[in-house]
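Structural overview
The chain contents come next:
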Amino acid sequence: MSVGYVTVQWNRHKRVYDSLVGGGVALYLALFIIAGKTLYTGAHAISDEILAIRALGTCAYLMLHVVLCTGPLARLDRRFLPLLYNRRHLGVATFLVALAHATIAIGFYHGFGNVNPFISLLTSNVNLGSLSAFPFQLLGLAALLILFLMAATSHDFWLKNLGAPAWKRLHMVVYLAYALLVLHVALGILQTQRSPWLAGLVGAGVVIVAGLHVVAGLRERGHDRRGAQRTARVNGPWVDVGCVDDVPDRRGMTATVGGGERIALFRYDGCISATTNVCAHQGGPLGEGRIIDGCVTCPWHGWQYRPGDGQSPPPFTERIATHRVRVVGRRIQVDPTPLAPGTAVTPARIEEDHHG
Amino acid sequence: MAEAILLIILGYAAVGAGFGVPFLLRGIDRIDPAARGSPWTFRLLILPGVIALWPVLARRWRRAPRPEGAP
Ligand code: HEM
Ligand code: FES
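Computed from a prediction, not measured in an experiment: that's the story for all the values here.

In this section: the overall build of chain A. Across its full length, chain A holds 10 helices and 12 strands. The buried share of chain A, reckoned over its 356 residues, is 45%. Looking at chain A alone, contacts between residues at least 24 apart form 57% of all its contacts between residues at least 6 apart. Element-wise, carbon and sulfur atoms account for 65% of the exposed surface of chain A, whose accessible area totals about 18,200 Å².

It is the contact of helix 6 (residues 136-152) of chain A with helix 2 (residues 40-52) of chain B, at a shortest axis distance of 8 Å, that shows an interaxial angle of 125 degrees. By the criterion of interaxial angle, the relationship of helix 6 of chain A to helix 2 of chain B is oblique. Note that helix 6 of chain A runs across helix 2 of chain B; the crossing there is left-handed. Residue-level contacts link Phe148(A), Leu149(A) and Ala152(A) of helix 6 of chain A to Pro48(B), Gly49(B) and Ala52(B) of helix 2 of chain B.

All names here are of chain A. Along the chain, the position of threonine 322 falls in strand 9 (residues 322-323). A polar atom in the side chain of threonine 322 sits 2.8 Å from the backbone oxygen of threonine 343. Beyond its immediate sequence surroundings of up to four residues, threonine 322 is in contact with Ala274, Thr275, Asp309, Gly310, Pro338, Leu339, Ala340, Thr343 and Val345.

Right, let's get into the domain arrangement of chain A. All names here are of chain A. When cut into domains, chain A gives domain 1 (12-223) and domain 2 (233-349). One C-alpha centre belongs to domain 1, the other to domain 2, and the line joining them spans 38 Å. Inspection of the domain 1/domain 2 interface yields 0 salt bridges. On inspection of domain 1 and its partner domain 2, the count reaches 1 residue pair in polar contact (both at pLDDT 80 or more).

All names here are of chain A. Here tyrosine 28 shows up in helix 1 (residues 12-39). When its relative accessible area of 24% is taken as the criterion, tyrosine 28 is described as partly exposed. Spatially, the C-alpha atoms of tyrosine 28 and proline 314 are 44 Å apart, while their sequence positions differ by 286 residues. Contact partners of tyrosine 28, with chain neighbours within four places excluded, come to Ala55, Thr58, Cys59 and Leu62.

Moving on to the coordination of the iron atom of ligand 1. Residue and element names in this part refer to chain A. Surrounding the iron atom of ligand 1 are the protein donor atoms His101 (NE2) and His184 (NE2), which sit 2.0 Å from the metal. Coordination geometry of the iron atom of ligand 1: the 6 donor atoms subtend angles of 87 to 179 degrees at the metal centre, consistent with an arrangement described as octahedral. A residue pair is termed long-range when its members are at least 10 positions apart, and histidine 101 in helix 4 (residues 87-110) and histidine 184 in helix 9 (residues 174-191) qualify at 83 residues. For histidine 101, a relative accessible area of 18% puts it in the buried group. Histidine 184 gets classed as buried once you look at its relative accessible area, which sits at 14%.

Here we take up the packing of aromatic side chains. The way to describe two aromatic rings as a pair is by their centre distance and the angle between their planes. Residues and elements named next belong to chain B. Throughout the structure, instances matching the rule amount to 10 aromatic pairs over all chains. Taking 5.3 Å as the distance between ring centres and 20 degrees as the angle between the ring planes, the aromatic pair formed by phenylalanine 19 and phenylalanine 23 counts as stacked. In this pair, phenylalanine 19 and phenylalanine 23 both sit in helix 1 (residues 2-31), 4 residues apart, roughly one turn of the helix. Grouping residues by exposure puts phenylalanine 19 and phenylalanine 23 together as buried.

Taken residue by residue, the interface counts 24 residues in chain B and 20 residues in chain A. Of the roughly 1,800 Å² buried where chain B meets chain A, counting both sides, 76% is carbon and sulfur surface. The interface formed by chain B and chain A includes 0 salt bridges. Taken together, chain B and chain A are joined by 2 residue pairs in polar contact (both at pLDDT 80 or more). Broken down by element, the side of chain B that touches chain A gets its largest block of residues, 8 residues, from helix 2 of chain B.

A word on helix 1 of chain B. Residue and element names in this part refer to chain B. Spanning 30 residues, helix 1 covers only 37 Å between terminal C-alpha atoms, well under the ideal 44 Å at 1.5 Å per step. Of all the bends found along helix 1, the most pronounced is centred on phenylalanine 23 and spans about 65 degrees. Regarding helix 1, the residues found buried are Ala2, Leu6, Gly16, Phe19, Gly20, Phe23, Leu24, Gly27, Ile28, Asp29 and Ile31.

Thresholds applied
- Residues numbered from 1 in each chain as written.
- Chains lettered and ligands numbered in written order.
- Predicted model: local features only at pLDDT ≥ 70, side-chain atom pairs only at ≥ 80, totals over all residues.
- Heavy atoms only, no water.
- Helix = DSSP H or I, 4+ residues; strand = E, 2+ residues; numbered from the N terminus.
- Buried < 20%, exposed > 50% of the residue type's maximum accessible area, 1.4 Å probe, protein only.
- Contact = heavy atoms within 4.5 Å.
- Areas by Shrake-Rupley, 256 points an atom, 1.4 Å probe, with all protein chains shown as cover.
- Axes fitted to C-alpha atoms, helices over the stretch in contact; angles between N-to-C directions.
- Parallel < 35°, antiparallel > 145°, perpendicular 65-115°, else oblique.
- Left-handed = near helix turned anticlockwise from the far one by under 90°.
- Polar contact = N/O pair within 3.5 Å; in protein donor to acceptor, adjacent residues only side chain to side chain.
- Domains from an automatic or database assignment.
- Salt bridge = Lys/Arg side-chain N within 4 Å of Asp/Glu carboxyl O.
- Donors = N, O, S within 2.8 Å, 3.2 Å for Na, K, Ca; no water.
- Tetrahedral: all angles 85-135°; square planar, octahedral: opposite > 155°, others 65-115°.
- Phe/Tyr/Trp six-rings, centres within 6.5 Å; stacked < 30°, edge-to-face > 60°.
- Buried area = accessible area lost by both parts, 1.4 Å probe.
- Expected span 1.5 Å × (residues − 1).
- Bend = angle between axes of the 7 residues up to and from the residue.

And the structure:
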């Protein structure tokens, strides 16, 4: 949290994850090049440079799909959450692989003459009006610039100094980069006259990315609508948000109350506490987090807050809003009006059933 | 035309690099207390972003409160 920056927030999990990413990229490139060499021989042989360009390009394109799918996947199934925690590292790796692809492509196709390769890239093809001869490399260049901006601003320093809303907006531009890349790849395949099943793969990628976003969005909307209906059963300030058995021990649950506001509920030590669902760091969904070392731990980047008062444990100073909460029988009731960030609230004790 | 675009981009980046060195040595500590005492590897890591977004940081540096003890 905001107590001095470190260069890269590595911990054991992230190191394992980063080695997997590095190993995966190396393996993919090796397999791609071996396959290309064995499948295309003699008159059909592909030059080393073109093979490298294709291997790196498809690798970065695949990685971008993983990056884009993690958000909705994690919302649909918690088992994908570890991917979400590490998404920033994957994003930076994607940029580096794409940069290698572009560097070789520019060097190979534009580096021979005595014109500066960049000038050559910008001027050698100006068929902007024609689809089948469109300079698809320029679309790749635009996308690469976007990926660069995102990789360059991925450190927490930027999140803090650009402000969360601006940072978030900047990182939403990744969808524009994706659209540009779909065209880059589609037109590139069209122009190099590659087999149509490649176009099929590109289409399948678009369908998967768009489909996952739609499904996750619809599910979230359904959840919110059910929540809004709950307000009908108000008594006093208290709103019934569910049963204590819905909340697994040391975990959270998200409830939506009237007006669409989301509240996170946590169960630990035989108690229930309620806080806002919005993490002070970057708006991560706290209700999808866990209780670790007695603290609510955000699923996105691991910021922590004490469930009883919404304060980060010392030496950190972040605070989130808390909510009054009580347990009646097995039902959880919260007061939807948030208290000032950092306000202590007595956790609601769960009366254990004493059967027989 | 293409030459002009390239020159503008290079000029912008050159100013960014010229700004980046004093910013990473001193300015960053002024605009963000959390950066005080941070390792040089961290500063190097954010240098590409500083070169790209230097106007934003320059504005923040100009508006930052003067350090204690300065006139
Ligand atoms: C300045 C930026 C870029 C340039 C100049 C460039 C250039 C090229 C060229 C010349 C090809 C055709 C290669 C061939 O089959 O002969 C190509 C294909 C491709 N590029 Fe790029 N590219 C750039 C950026 C990107 C980025 C950022 C990505 C992805 C993240 C990307 C992904 C791909 C993919 C997936 C292909 C198809 C590979 C295939 O046909 O098997 N490119 N690019
Ligand atoms: S959003 Fe980053 S830790 Fe919660």
